[in-house]
Amino acid sequence: MPKKALITGVSGQDGSYLVELLLEKGYEVHGIVRRQSSTIRPRLDAVQARKDLPLDKLVLHYGDLGDGGGLVRLVDKVQPDEVYNLAAQSHVRVSFDTPEYTSDVTGTGCIRLLEAIRDVGIKPRFYQASSSEMYGKVRAVPQTEETPFHPRSPYAVAKVFAYWATVNYRESYGLHASNGILFNHESPRRGESFVTRKITLAAARIKLGLQKRLALGNLDSKRDWGYAKEYVEAMWLMLQQPEGDDYVVATNETHTIRECLEVAFARLDLDWKKYVEIDPRYYRPAEVDLLIGDSSKAKTKLGWEPKTKFKELIELMVDSDFESISNQLAGKIQFDSGIFH
Amino acid sequence: MRVALITGITGQDGSYLCEFLLSKGYVVHGLVRRTSSIERSRLRHIYRNPEVYGKTLQLHYCDLEDATTLRRIITKISPSELYHLAGQSHVGLSFEIAESTVDSVAVGTLRLLEIIRDLSAPPRVFHAASSEIFGRPLSMPQDEQTPMAPVNPYGASKAFATQLCRIYREKYGIHIVNGILYNHESPRRGENFVTRKICRAAAAIRLCLQDELLLGDTSAQRDWGDARDYVRGMWQALQHATAEDFVFATGILHSVRDVVDRAFSEAGVDPGRHVHQDDRLLRGAESTSLVGNPAKAERVLGWKRETDFDGLIRWMVQAELADLKAR
């Protein structure tokens with residue numbers, strides 16, 4: 001019997017990479033997607049294009065972290081060995097605009113999923129996608145598993161809630177539950193409104209004459225940026241340990257948005273200063289401080305280490321955006337989700 | 001300056017309504033749910049236009065379950081007309097995800113009405129009610145007086161929302177219109193609605209990109225119209241002096257089989273070789289005999305339909321052929 005995994009947030013950046021990893025490892029993978037009237041899911045199309053994978057082992061179900069009844073039914077139907085909770089309203093700036101919704105999905109949604117598991121009465125291994133944003137106004141640099149949290153956004157507050165819920169279900173019910181405290185992780189599949197992707201897309205579009213300006217917020221913000229494809233391996237490794245635990249996953253390096261601009265635009269022989277304008281609308285009401293993670297526990301216990309570093313990561317994103325937009329211009333790209341019937 | 005707010009602006013109706021109102025000189029605001037991919041295919045051609053986006057069209061992140069954000073946005077933009085189109089709208093799926101369907105369609109409407117009730121100058125409100133409120137009706141065709149008898153969670157939610165709109169209209173004197181909309185289609189229909197699925201399959205089979213089309217009950221009958229006609233009806237309904245309910249329908253039934261025959265003939269392929277029944281696609285409880293009587297909308301609003309059934313399917317198949325060839 002192949003192992004069965006259930007993933008929330010399967011149509012997101014991390015979800016799509018995790019699907020690929022688990023299919024490669026021989027899992028039967030079940031993903032939960034929200035109903036939308038349009039079924040375009042570009043990241044899952046990228047998975048579908050991987051004809052080397054056993055795509056018939058991927059099953060999508062409609063569900064919503066706001067829909068507790070549906071979650072119970074799904075957990076019961078799938079009977080997963082591993083559950084990965086990656087779904088959330090994950091955009092920090094947007095969480096200031098929609099705090100109530102963000103809390104419901106990102107915070108309470110985790111409880112609904114844990115309760116569904118408890119109600120069904122099975123003991124799958126559980127992964128909660130925690131976030132470096134929980135450190136916010138940081139108490140120590142770099143941050144480790146012992147650093148206290150000081151969340152600075154509705155998103156981060158909700159993630160702290162979900163973090164403790166996961167710890168509680170581990171301690172109260174003996175669930176094999178783990179938090180991966182992931183620092184920023186990017187890829188060509190990163191959402192278009194996140195800053196790294198916004199920059200790499202803009203560089204490609206400017207190079208191809210499709211865009212003239214790029215509006216950004218605080219260029220001095222610093223982040224610890226890694227490659228999403230490697231971070232999903234850490235998630236899986238956590239669930240293969242004898243006990244559930246919490247781990248920081250990071251590169252241990254920090255870079256500014258300005259550095260990201262430099263690398264991205266230089267890759268296409270462009271000077272970023274000619275195109276970028278500062279727009280205060282993109283400033284967060286409260287900015288987080290120096291986020292830099294110490295992932296030595298993950299290295300010691302999981303044998304996990306980041307391989308792709310900042311410059312290489314930004315360059316691979318620029319290359320991908322440049323190639324796909326060029327293809328689009330040449331009329332070669334396909335956006336078609338054939339998974340649902 | 002007339003300001004309109006549309007919930008569900010990224011959907012089929014929302015996008016056509018957005019175009020229609022912009023052409024009438026409105027400033028249009030729309031609510032969109034946050035998704036990590038900002039692929040909004042139906043609106044892309046509008047909001048990528050720098051002459052429009054940020055000027056006469058603005059999108060705001062908001063979800064119908066986020067009451068505080070709803071209140072903030074509505075208070076800030078103070079619309080003169082509000083078109084409430086948002087909600088989980090797929091009937092079959094409303095059995096799978098009943099709780100979130102009821103939350104968005106029924107309770108979401110309640111949240112909206114509660115906010116509007118508190119405004120000193122409430123907008124005129126159009127609520128997109130649905131023929132699904134009639135479920136298994138005792139009479140044919142149905143009109144504004146037909147009793148509601150929903151047979152699925154979506155229909156029950158819409159019945160709840162429709163009743164609430166009537167209550168808030170009577171109790172608080174708010175100008176609220178229920179448009180009881182029968183099925184209405186277009187090339188922008190969701191890919192897993194049956195008309196779109198059939199037209200797309202006919203085109204794809206024609207171009208040898210697909211071989212087979214699986215369908216549930218092909219004898220199921222619906223009253224199908226052109227979404228552009230219905231969107232114009234929404235606007236006409238809100239311009240009328242008094243707030244009333246209106247049925248928008250064609251008054252003519254066609255079966256899924258009819259759609260298959262029309263679409264495949266338009267694409268020039270033989271349905272017998274490619275279309276098969278799949279019992280997994282049968283609905284839990286089918287609505288039957290849903291056919292509307294649009295006489296009141298025609299008489300009171302002067303509402304007219306510009307496209308008939310054959311014209312609708314032709315338009316949809318040709319759009320799919322053009323889209324698939326462009327790739």
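Since the structure is predicted, the reported quantities are computational estimates derived from the model, not experimental observations.

Definitions and limits used
Residues numbered from 1 in each chain as written. Chains lettered and ligands numbered in written order. Predicted model: local features only at pLDDT ≥ 70, side-chain atom pairs only at ≥ 80, totals over all residues. Helix = DSSP H or I, 4+ residues; strand = E, 2+ residues; numbered from the N terminus. Rg over C-alpha atoms; globule rule 2.2 N^0.38 Å. Buried ≥ 20, exposed ≤ 12 C-beta atoms within 10 Å, placed from the backbone. Contact = placed C-beta atoms within 7 Å. Pairing = 2+ DSSP bridges. Axes fitted to C-alpha atoms, helices over the stretch in contact; angles between N-to-C directions. pLDDT = per-residue confidence, 0-100. Nonpolar A, V, L, I, M, F, W, Y, C, P; charged D, E, K, R; others polar. Parallel < 35°, antiparallel > 145°, perpendicular 65-115°, else oblique. Left-handed = near helix turned anticlockwise from the far one by under 90°. Expected span 1.5 Å × (residues − 1).

### A closer look at the overall build of chain B
Alright, step 1. Looking only at helices and strands, one finds twelve helices and 13 strands in chain B.
Alright, step 2. Over its C-alpha trace chain B gives a radius of gyration of 19 Å, about what one expects of a compact globule, namely 20 Å for 327 residues.
Alright, step 3. For chain B, the spread of C-alpha atoms along the principal axes amounts to about 60 × 50 × 40 Å.
Alright, step 4. A total of 327 residues make up chain B; the buried ones form 52% of that total.
Alright, step 5. When contacts within chain B are restricted to residue pairs at least 6 apart in sequence, those whose partners lie at least 24 apart make up 80%.

### What to know about the sheet that holds strand S2 (residues 27-32) of chain B
Through backbone hydrogen bonds, the strands of a sheet pair up, either in parallel or in antiparallel fashion.
Residue and element names in this part refer to chain B.
Alright, step 1. With respect to topology, seven strands assemble into an open sheet ordered S3-S2-S1-S4-S5-S6-S11, the strand pairing being parallel. Edge strands, defined here as strands with exactly one partner in the open sheet, are strand S3 (57-61) and strand S11 (246-248). On average, each strand axis in the sheet is inclined to that of its neighbour by 20°, with strand direction left out of account.
Alright, step 2. The pairing of strand S1 (residues 3-7) with strand S4 (residues 81-84) spans four bridges and is parallel. Within the sheet, the bridge partner assigned to Leu5 lies in S4 and is Leu82.
Alright, step 3. Lying on the sheet, helix H6 (residues 153-172) is in contact with strand S5 (124-130) and strand S6 (176-181); it crosses S5 at an angle near 150°.

### Some points on the confidence of the model for chain B
Alright, step 1. Within chain B, residue pLDDT values average 93, and 98% of them lie at 70 or more.
Alright, step 2. For this predicted complex, the interface score ipTM comes out at 0.70, while the overall pTM is 0.82.

### Side note on the interface of chain B and chain A
Alright, step 1. Counting from both sides, the interface comprises 33 residues of chain B and, opposite them, 34 residues of chain A.
Alright, step 2. Only helix H3 (67-77), helix H4 (93-96) and helix H5 (98-117) of chain B provide two or more residues apiece to the side of chain B that touches chain A.
Alright, step 3. Per element, the largest residue contribution to the side of chain B that touches chain A is four residues, and it comes from H5 of chain B.
Alright, step 4. Across the side of chain B that touches chain A, the residue classes break down as nine nonpolar, 13 polar and eleven charged.

### Some points on the sheet that holds strand S5 (residues 125-131) of chain A
All names here are of chain A.
Alright, step 1. Spatial ordering of the open sheet is given by S3-S2-S1-S4-S5-S6-S11, a layout of seven strands whose pairing is parallel. Looking along the sheet, the strands with just one partner apiece sit at the ends: strand S3 (58-62) and strand S11 (246-249). On average, adjacent strands in this sheet sit at an angle of 20° to one another, irrespective of strand direction.
Alright, step 2. Most of the contacts of helix H1 (residues 13-24) go to strand S2 (residues 28-33), to which it runs at about 165°, and overall it touches strand S1 (4-8), S2, S3, strand S4 (82-85) and S5.
Alright, step 3. Sitting on the sheet, helix H6 (residues 154-173) touches S5 and strand S6 (177-182), and the angle it makes with S5 is about 155°.

### Some points on the packing of helix H7 (residues 195-207) of chain A against helix H11 (residues 310-329) of chain A
Residue and element names in this part refer to chain A.
Alright, step 1. Between H7 and H11, the shortest axis-to-axis distance is 8 Å and the interhelical angle comes to 45°. Compared by their axis directions, H7 and H11 come out oblique. Helix-helix and strand crossings are classified by hand; for H7 and H11 the assignment is right-handed. Listed contacts from H11 to Thr196, Arg197, Thr200, Leu201, Ala203, Ala204, Arg205 and Lys207 of H7 are Ile314, Met317, Val318, Asp321, Phe322 and Ile325.

### As for helix H7 (residues 194-206) of chain B
For an α-helix the count is 3.6 residues per turn, leaving residues at separations of three or four pointing the same way.
All names here are of chain B.
Alright, step 1. In this model H7 runs 18 Å from its N-terminal to its C-terminal C-alpha over 13 residues, within 8% of the 18 Å that 1.5 Å per residue would give.
Alright, step 2. Burial runs high along H7: 13 of the 13 residues are buried.
Alright, step 3. Directly beyond the C-terminal end of H7, a positive phi value near 60° is found at Cys208.

### Digging into the environment of Leu22 of chain A
Residues and elements named next belong to chain A.
Alright, step 1. With respect to the element layout, Leu22 can be found in helix H1.
Alright, step 2. For the pair Leu22 and Phe194, spaced 172 residues apart in sequence, the C-alpha separation works out to 26 Å.
Alright, step 3. When sequence neighbours within four positions are dropped, the list of residues in contact with Leu22 reads Ala5, Tyr27 and Val29.

### Quick notes on unusual backbone geometry
Alright, step 1. Cis geometry marks the peptide bond from Val141 of chain A to Pro142 of chain A, where omega comes out at -10°.
Alright, step 2. Residue placement: Pro142 of chain A occurs in the loop between S5 and H6.
Alright, step 3. Here Met140 of chain B and Pro141 of chain B are connected by a cis peptide whose omega angle stands at -10°.
Alright, step 4. Within the secondary structure, Pro141 of chain B sits in the loop between S5 and H6.
Alright, step 5. In this structure, Gln79 of chain A takes a positive phi of about 50° despite not being glycine.
Alright, step 6. Residue placement: Gln79 of chain A occurs in the loop between helix H3 (68-78) and S4.

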